[in-house]
Amino acid sequence: MNEAAPRLSPQTLGQITARTGVRQPCYDRAALRPAIVHLGLGAFFRAHGAHYTEDVLNRSGGDWGIIGVSLQRPNQRDRLAPQGGLYTTLERGPQGERARIVGALLDVMVAPEDPAALVSRLADTETRIVSLTVTEKGYCHDPATGRLNPEHPDIRHDLQNPEIPRSAVGFLAAALGRRRAAGQAPFTVLCCDNLPHNGALVAALVRDYAARLDPALADWIAAEVRFPATMVDRIVPALTEADLAAAEALTGLADHAPVGHEPFRQWVIEDRFGPAGRPAWEMVGAQLVSDVAPFEHMKLRLLNGAHSALAYLGYLAGHETIVEAVSDPALSGYVQRLWSEIRPMVPQPPGQDLVAYTDALLERFGNPAIRHRAWQIAMDGSQKLPQRLLSTVRERLAAGLPIPALALAVAAWARYVGGTDERGAPIDVRDPLAAELRARLDAAGSEPADRIAALLAIEPIFGTDLPVHPTFAAAVTKAYETLLDVGARAAAST
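Thresholds, definitions, all that
Residues numbered from 1 in each chain as written. Predicted model: local features only at pLDDT ≥ 70, side-chain atom pairs only at ≥ 80, totals over all residues. Heavy atoms only, no water. UniProt positions renumbered as here; feature names shortened; annotations may be inferred. Helix = DSSP H or I, 4+ residues; strand = E, 2+ residues; numbered from the N terminus. Phe/Tyr/Trp six-rings, centres within 6.5 Å; stacked < 30°, edge-to-face > 60°. Buried < 20%, exposed > 50% of the residue type's maximum accessible area, 1.4 Å probe, protein only. Lys NZ or Arg CZ within 6 Å of the ring centre and 35° of its normal. Pairing = 2+ DSSP bridges. Axes fitted to C-alpha atoms, helices over the stretch in contact; angles between N-to-C directions. Contact = heavy atoms within 4.5 Å. Lys, Arg positive; Asp, Glu negative; His and termini not counted. Salt bridge = Lys/Arg side-chain N within 4 Å of Asp/Glu carboxyl O. Parallel < 35°, antiparallel > 145°, perpendicular 65-115°, else oblique. Left-handed = near helix turned anticlockwise from the far one by under 90°. Nonpolar A, V, L, I, M, F, W, Y, C, P; charged D, E, K, R; others polar.

Undergrad: For this particular structure, what's the right way to read the UniProt feature "domain: Mannitol dehydrogenase C-terminal" (unreviewed entry) in the protein chain?
TA: As recorded in UniProt, the sites labelled "domain: Mannitol dehydrogenase C-terminal" (unreviewed entry) are residues 291-483. Within residues 291-483, the helical portion is 67% and the strand portion 0%, while the C-alpha atoms at the span's ends are 40 Å from each other.

Undergrad: Hey, could you run me through the packing of aromatic side chains in this one?
TA: The description of two aromatic rings rests on the distance between their centres and on the angle between their planes. Tallying each qualifying case throughout the model produces eight aromatic pairs. On the basis of an interplanar angle of 65° and a centroid distance of 5.2 Å, the ring pair of Y312 and Y416 is categorised as edge-to-face. You can see Y312 sitting in helix α10 (residues 293-316) and its partner Y416 sitting in helix α16 (residues 404-417), a full 104 residues away along the chain. Assigned by exposure class, Y312 and Y416 land together as buried. Counting every residue linked through ring pairs, the aromatic cluster contains Y52, W267, F273 and W281. Across the ring face of Y52, the terminal group of R265 is positioned such that the distance to the ring centre comes to 3.8 Å.

Undergrad: Is there a simple way to explain the sheet that holds strand β10 (residues 266-270) in this structure?
TA: Paired through backbone hydrogen bonds, the strands of a sheet run either parallel or antiparallel to each other. On the basis of which strands lie adjacent, the open sheet formed by three strands has the order β8-β10-β11 and mixed pairing. In this open sheet, the two strands that pair with only one neighbour each are β8 (230-233) and β11 (287-289). Taking each pair of neighbouring strands and ignoring which way they run, the sheet shows an average axis angle of 15°. Judged from the four bridges that link them, β8 and β10 form a sheet pairing that is antiparallel. By the bridge assignment, T230 is partnered in β10 with I269. Sheet strands touched by α10: β8, β10 and β11. Its angle to β8, the strand with the most contacts, is close to 40°.

Undergrad: Would you take a moment to explain the side chain of K384 for this structure?
TA: Tracing the backbone through its elements, the reader meets K384 in helix α15 (residues 381-398). Buried charged residue K384 carries no salt bridge. Nearest counter-charge: E136, at 5.1 Å. What K384 contacts, discounting residues up to four positions off in sequence, is E136, Q376, I377 and M379.

Undergrad: Whenever I open this one, the packing of helix α6 (residues 168-181) against helix α7 (residues 198-213) confuses me. Can you help?
TA: Each pair of packed helices can be described by the angle between their axes along with the distance between the axes. The interhelical angle for the contact between α6 and α7, taken along N-to-C directions, is 65°, at an axis separation of 9 Å. Overall, the two elements α6 and α7 adopt an arrangement that is roughly perpendicular. Crossing handedness for the pair α6 and α7: right-handed. Here V169, G170, L172, A173 and L176 of α6 come into contact with α7, specifically with V202, L205, V206 and Y209. Grouping the amino acids of the contact of α6 with α7 by side-chain chemistry returns eight nonpolar, one polar and no charged.

In structure tokens:
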């Protein structure tokens, strides 16, 4: 980054000339109100949900401004506040790179710095929608059952200190409690995370939490609050130094918070919002439907399941990114076999062809302009496996169908969380259960069957059925032994 370049801000925005081809906000930012509060302001939302809202504003104006919330760290606020909330998005495809400036973000709050202020912002009647991308682990639930985990440290804290919560669930319940007490209509809760039936899941978690504090509040939430389901899709790698340089080269301004993304995007939304309404996202490409489940099912199983499998096998095979992994003929062939196991268990959504969908996925994964790190996708596997892979495993086992490709994906995860790669180098395993995973493996010793049995005994991941299913345990153990004997690349070729 050129230290002499002026910083992106409302004051310097005019320095970007039309000749550069950079799209800029063409609406009155001063007319925006804090109508959407988004919990979990990461790269994905800024390249997806905020993008759709920006498109609505550019097309028809309105007041749908966004307040972003970081639930843990101040990094995003510290990068975006000096820029007045402005940031650059970089669309990267085989044909090149295009930049645009997004202006819908008004402010960024850091929840731990003043949780009471965030509760007040959520409770304010200006807040019409609270959306979330807090990742699977951010809901403090048991991924295998979908139930709230009352022993999670953040939930325990919030139940004891409900007005200064830490968890997303705690913040939602505290603010909804304020709205109810004031006789005000609730906001709509819009979960945009990769969770099965995400709207219903978050609704149940919030009600469960609220019932532990005030059963009447839980009843009011059940009767009054809308939790539409969604399916979101866009590949958005983590921020790199190359993104900073690219944003500056295209705009002439120094942006400390750009975000790169692929050209493709999809947002399927259950059209079930409260009386305060929503932006007209359907005008800019979102699909408003009565039932999101078939689309969600398709994406979780075929895209996210393959992404996780490629992340673990690709990392073990020495590939840094997904594009490198799918460029390897062994892994490209493997993911096709994986899809052949998954597709028969996925109901076809209206207007979709599943073979064409997976063909397009392979093309998207192979986009050379998107460097999505395998390590990034491999994070939090204990939270992701139940939805992305194990649900398909259960369905195939129930149908008496073989699971060799799925078993290899689970075995690759088991090999990865052991913390040492095929060359003997340490793996930085990031997972809420990382300490437990390592402890169980250390206690199990070196025998493959014992190591797999130790991991399968973790009920929040595998439930009570899969550990005792002889076909599953045998298939994963065999795949794990193959990984140890011949390595990931050769195992993927078999």
